[in-house]
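This is what each chain is made of:
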Amino acid sequence: MSVLIDFAIFPVDKGTSVSPYVARVVAIIKQSGLDYSLGAMGTNIEGEWPSVMAVVNRCFEALQADCDRIYVTIKADYRKAAQNRLQGKIQSVEAKLL
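About the thresholds
For every chain, the first residue of the written sequence is number 1, and numbering continues from 1 along that sequence. The predicted nature of this model means local features are confined to residues of pLDDT at least 70 and side-chain atom pairs, given and counted, to a pLDDT of 80 or more, with totals for whole chains, interfaces and linings taken over all residues. The basis for every side-chain value is the complete set of heavy atoms in the structure, and neither hydrogens nor water enter the calculation. Any two of the Phe, Tyr and Trp rings considered here, Trp counted by its six-membered ring, make a pair once their centres fall within 6.5 Å; the pair's planes then place it as stacked at under 30 degrees, edge-to-face at over 60, or tilted in between. Elements are defined by DSSP. Helices are runs of H or I of four residues or more, strands are runs of E of two residues or more, and each kind is numbered from the N terminus. Throughout this description, buried means an accessible area under 20% of the type-specific maximum (1.4 Å probe, protein chains only), exposed means over 50%, and partly exposed covers the range between. In this scheme, strands are said to pair when DSSP sees at least two bridges between them. Only the stretch in contact is used when fitting a helix axis, every axis being a line fitted to C-alpha atoms; angles between N-to-C directions are given from 0 to 180 degrees. Any two residues whose heavy atoms approach within 4.5 Å at even a single point are treated as in contact.

Caption draft 1: Examining the packing of aromatic side chains more closely. This structure, assessed with the given rule, holds one aromatic pair. On the numbers, 5.2 Å between centres and 35° between planes, the contact of Phe 10 with Tyr 71 is tilted. Taken together, the positions of Phe 10 in strand 1 (residues 3–11) and Tyr 71 in strand 4 (residues 70–78) put the pair 61 residues apart, joining distant regions of the chain. For Phe 10, a relative accessible area of 28% puts it in the partly exposed group.

Put into structure tokens, the structure is as follows:
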């Protein structure tokens, strides 16, 4: 696996609570089979670039069906031939804490 993304997507035209839409997106991510970690402000997804971007696209299309305005953020960290970065990056920092 070579890319780790921090991804958030939600409608801005559906009121103050958008958790039903976020749950719809997380279900798509979960069904993809890619490693992921849900956070309070976004989701990390790890995999090969084409697979990860395909999931992002599916999430967008799922919301586009009934949302007129969608907010999306994506941060990506590509590292050739790297694996298990979802947990490895956290473990590396925690091992260095005093």
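Caption draft 2: Main features of the sheet that holds strand 4. Pairing within the open sheet is antiparallel, and its four strands lie in the order 2-3-1-4. Unpaired on one side and paired on the other, strand 2 (35–38) and strand 4 mark the two borders of the sheet. Neighbour-to-neighbour, the strand axes of the sheet open up by a mean angle of 20°, direction not taken into account. Note that strand 2 and strand 3 (residues 43–47) share four bridges and pair antiparallel. Residue pairing for strand 3: Ser 37 is matched across the bridge by Asn 44. Of the strands in this sheet, strand 1, strand 2 and strand 3 touch helix 1 (residues 19–32), which is tilted by about 150° from strand 1. Strands strand 1, strand 3 and strand 4 of the sheet are contacted by helix 2 (residues 49–64), whose axis makes an angle of about 5° with strand 1.

In short, geometric facts, not functional conclusions.
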